[in-house]
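A look at the structure
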Amino acid sequence: MGVEAHATNERATGRTWTVRLDPVGRGRADVRVSCSRPACAAQVLPSAAVGRTAAVEHLKAHLRAGPAPRPSAYCACRAGECHTHIRPAGPRERPAPWRCGGAVVLAVVTDREGRWWQVMECCSRCAAAHPTAKIAATAPAPDRTAPADAFRAAAASVPTVPAVGPHFSHTASGPTVPHEVPPPRAPRPTRQRARRGRIAQRFVPHELRPVALRDELTELGELFRAYQQRAEPDLAMLAGLHARKAKAFSAWAEVTADTGLRLDAERAEQAAATARLQHLHRSGQAPEGDGPAVTRLLTASAQWNHARAVLTHVADHSPLPGPEARLLVVMLTLRTAQSGVGNLVGQDLKGLPLPDPEHLVGQLVECGWLDIAGTVDELIASRPENPTRIGVPSLTPDESDPGPFTFGRKMRPKLSGWAQRVVGEKKLRKAKTAADARLLALALATGVSLDGQLGPEGEGLPLEALASWCAVTPAELLELVDRLTATDWLTEVAVTDTVLTGRLTERVLPLSCPLT
């Protein structure tokens, strides 16, 4: 009997395995898909998209063919002491140990970039602690009907006793009086623990008064967490939440005399103003007193700052002199900014105002700034259905250097499309303006106020900085200003010895990236 009980209580540690997607080498597009199971061999695939699809299919095949989660298995996280789920203690808190519980499940956990997928046989509570976990299968509940049936059978075997009162030998025998059973006591009401709110990494004290302030802070925390789960952003709603947070934190600071809360309230006011302004720009509206609305190609201040960051990086790291080389480096940088690699076709080069694009591309390859798959002639002859792979080693991120830019994959094509619209603007093409005039158009588009005035608050832009960016002399810059004025890019132009003032015309204002 003891041996049988010991065998029944034995529990195995939960299974776990990982499927990874890793680059094969620096500057290469192909990737390696590997699985931690010993029977699975690694695969090398031509691109990250193909590799990610193969990794997901490999994982699904394991889940379909593998056994279901075992109800008696120990949580796989429990084997690792649950370090993943223990929240770091704050200055006034002690770390609380994690307690496993719930049904045993097969959970698939992945990182946000889609580089690895891990399957764990763990408890449902540990799976819920992972923000990216998805439940693939749940173990059936253990069979508890047998003990209940045995108990009912034992209860049925006990002889029934008639419900009579006490009967003693010295009392006269007589008819028995049924004993009245008192009614059951009413269950005590369960005491519910007061809800403890949390907002902006702060816990709302339950003893905070007035109660309306405590409830407002608790509700705001729940609304912010619900907003983070939305599939699409709603900047108007976000601005309203920040405004409510600023008002509530100001009241909280008055009650507790906490300087940190007052600073958080000021930051919330700034966040509300920024979100409100972004909503107006994205919806094609204008702030009060700013005149008619402008629907810009790049709609948010973060995108405008990224565009300026790319132009500044090219100005500081251009490998060749001259405006033609500078313009080509700008366009190639925007094609490869996020990962250091991209695709290019011959029409992309032929559409630029370059007298000899083959020679410029050859110089960039010779100096080591650019890598191309094939020859320069093959690049010039390539078509959209068969693009040429290019790479810029100085932009390729690695473990020690994440690269000069902080924007992601979705931002890069927006910035590249914006630069192509500016450089290839209709009147600039018809006037056959050269590369130096197109560079000046890029600089002016990123150096205006919201209403199109040059410089912050219409103060103008330094002539020396503009001439350096366009790779021309200050005297040649004045001729470029005249060309842009003739092509209806600039108006109200005034030039001093040091500053260029004026404004962009309404026609090109949608291409601008205001200084905010």
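Our subject in this report is the structure included herewith. The shown structure was predicted, so the numbers you read here are calculated from the model rather than taken from an experiment.

A word on the overall build of the protein chain. Broken down by element type, the protein chain carries 18 helices and 14 strands. Buried positions account for 36% of the 516 residues belonging to the protein chain. Expressed as a percentage of contacts within the protein chain between residues at least 6 apart in sequence, the contacts between residues at least 24 apart total 59%. Split by element, the accessible area of the protein chain, about 31,100 Å² in all, is 54% carbon and sulfur.

Right, let's get into the environment of Val119. You can see Val119 is positioned in strand S5 (residues 116–123). By relative accessible area, which is 0% here, Val119 ends up buried. Residues Val119 and Val105, spaced 14 residues apart in sequence, show a C-alpha to C-alpha distance of 9.9 Å. Those residues in contact with Val119 that lie beyond four places of it in its chain are Arg15, Thr16, Trp17, Leu59, Leu63, Leu106, Ala107 and Val108.

In this section: the sheet that holds strand S13 (residues 490–495). Pairing in this open sheet of three strands is antiparallel, and the strands run S12-S14-S13 from one edge to the other. A single partner strand is all that each edge strand has here, and the edge strands are strand S12 (461–462) and S13. Pairing geometry for S12 and strand S14 (residues 499–504), over two bridges, is antiparallel. Bridge pairing in S14 places Pro462 opposite Val499.

Our next topic: the packing of aromatic side chains. This model, assessed by the stated rule, comprises two aromatic pairs. On the numbers, 5.6 Å between centres and 75 degrees between planes, the contact of Phe249 with Trp252 is edge-to-face. With Phe249 and Trp252 both in helix H7 (residues 235–256) and three residues apart, the pair spans about one turn of that helix. Taking relative accessible area as the criterion, Phe249 reaches 0% and is therefore assigned buried.

What follows deals with the nonpolar core. Leu328, Leu370, Trp418, Leu440, Leu442, Leu444 and Trp489 are the most contacted members of the largest nonpolar core, which has 72 residues in total. The element that contributes the greatest number of residues to this core is helix H16 (residues 435–445), accounting for nine residues. Contact partners of Leu328, with chain neighbours within four places excluded, come to Leu349, Leu352, Leu354, Leu360, Val361 and Leu364. One finds Leu213, Leu217, Leu235 and Trp252 within the second-largest nonpolar core, a separate group that totals 19 residues.

Now for the pattern of salt bridges. Counting across every chain of the model gives 18 salt bridges. Between Asp111 and Arg115 there is a salt bridge; the shortest N-O distance is 3.1 Å. Its salt-bridge partner being Glu492, residue Arg503 comes within 3.3 Å of it at the nearest N-O pair. In this pair, Arg503 is assigned in strand S14 and Glu492 in strand S13, connecting sequence segments eleven residues apart.

For S5, the tally of buried residues reaches six of eight residues, placing the bulk of the element in the interior. Note: strand S1 (residues 16–23) against S5, five bridges, orientation antiparallel. Looking at S5, one finds that Trp17 is bridged to Val119. Of the strand pairs in this sheet, strand S4 (residues 104–110) and S5 are connected by seven bridges, and their pairing is antiparallel. Bridge pairing in S5 places Val108 opposite Val119.

A cluster of nonpolar residues, Leu478, Val493 and Val495, forms a patch on the protein surface that exposes about 200 Å² of accessible area. Among the structural elements, Val493 can be located in strand S13.

Further remarks concern the pairing of S13. The side chains of a regular strand alternate, first on one face of the sheet and then on the other. Pairing geometry for S13 and S14, over four bridges, is antiparallel. Opposite Ala494, over in S14, you have Thr501 as the bridge partner. From the end of S13 to the start of S14, which pair antiparallel, there are three residues.

Another point: the packing of helix H10 (residues 323–336) against helix H14 (residues 411–423). Contact pair H10 / H14: the axes reach a minimum separation of 8 Å and the direction vectors enclose 155 degrees. Comparing the axis directions of H10 and H14 gives the class roughly antiparallel. Relative to H14, the crossing made by H10 is left-handed. Across from Leu327, Met331, Leu334 and Arg335 in H10, the residues of H14 making contact are Arg412, Leu415, Ser416, Ala419, Gln420 and Val423. Residue classes in the contact of H10 with H14 are distributed as six nonpolar, two polar and two charged.

Moving on to unusual backbone geometry. For the bond from Arg209 to Pro210, the omega torsion is 5 degrees, close enough to zero to count as cis. With respect to the helices, strands and loops of the structure, Pro210 is situated in the loop between strand S8 (202–203) and helix H6 (211–228). Notably, Lys432 is not glycine yet its phi reads approximately 55 degrees, a positive angle. Given the relative accessible area of 74%, Lys432 is considered exposed.

What counts, and where the lines are drawn
Residues numbered from 1 in each chain as written. Predicted model: local features only at pLDDT ≥ 70, side-chain atom pairs only at ≥ 80, totals over all residues. Heavy atoms only, no water. Helix = DSSP H or I, 4+ residues; strand = E, 2+ residues; numbered from the N terminus. Buried < 20%, exposed > 50% of the residue type's maximum accessible area, 1.4 Å probe, protein only. Contact = heavy atoms within 4.5 Å. Areas by Shrake-Rupley, 256 points an atom, 1.4 Å probe, with all protein chains shown as cover. Pairing = 2+ DSSP bridges. Phe/Tyr/Trp six-rings, centres within 6.5 Å; stacked < 30°, edge-to-face > 60°. Core = buried A, V, L, I, M, F, W, Y, C linked by side-chain atoms within 4.5 Å. Salt bridge = Lys/Arg side-chain N within 4 Å of Asp/Glu carboxyl O. Patch = residues over 30% accessible without salt bridge, like charges linked within 9 Å, V, L, I, M, F, W, Y side chains within 5 Å. Axes fitted to C-alpha atoms, helices over the stretch in contact; angles between N-to-C directions. Parallel < 35°, antiparallel > 145°, perpendicular 65-115°, else oblique. Left-handed = near helix turned anticlockwise from the far one by under 90°. Nonpolar A, V, L, I, M, F, W, Y, C, P; charged D, E, K, R; others polar.

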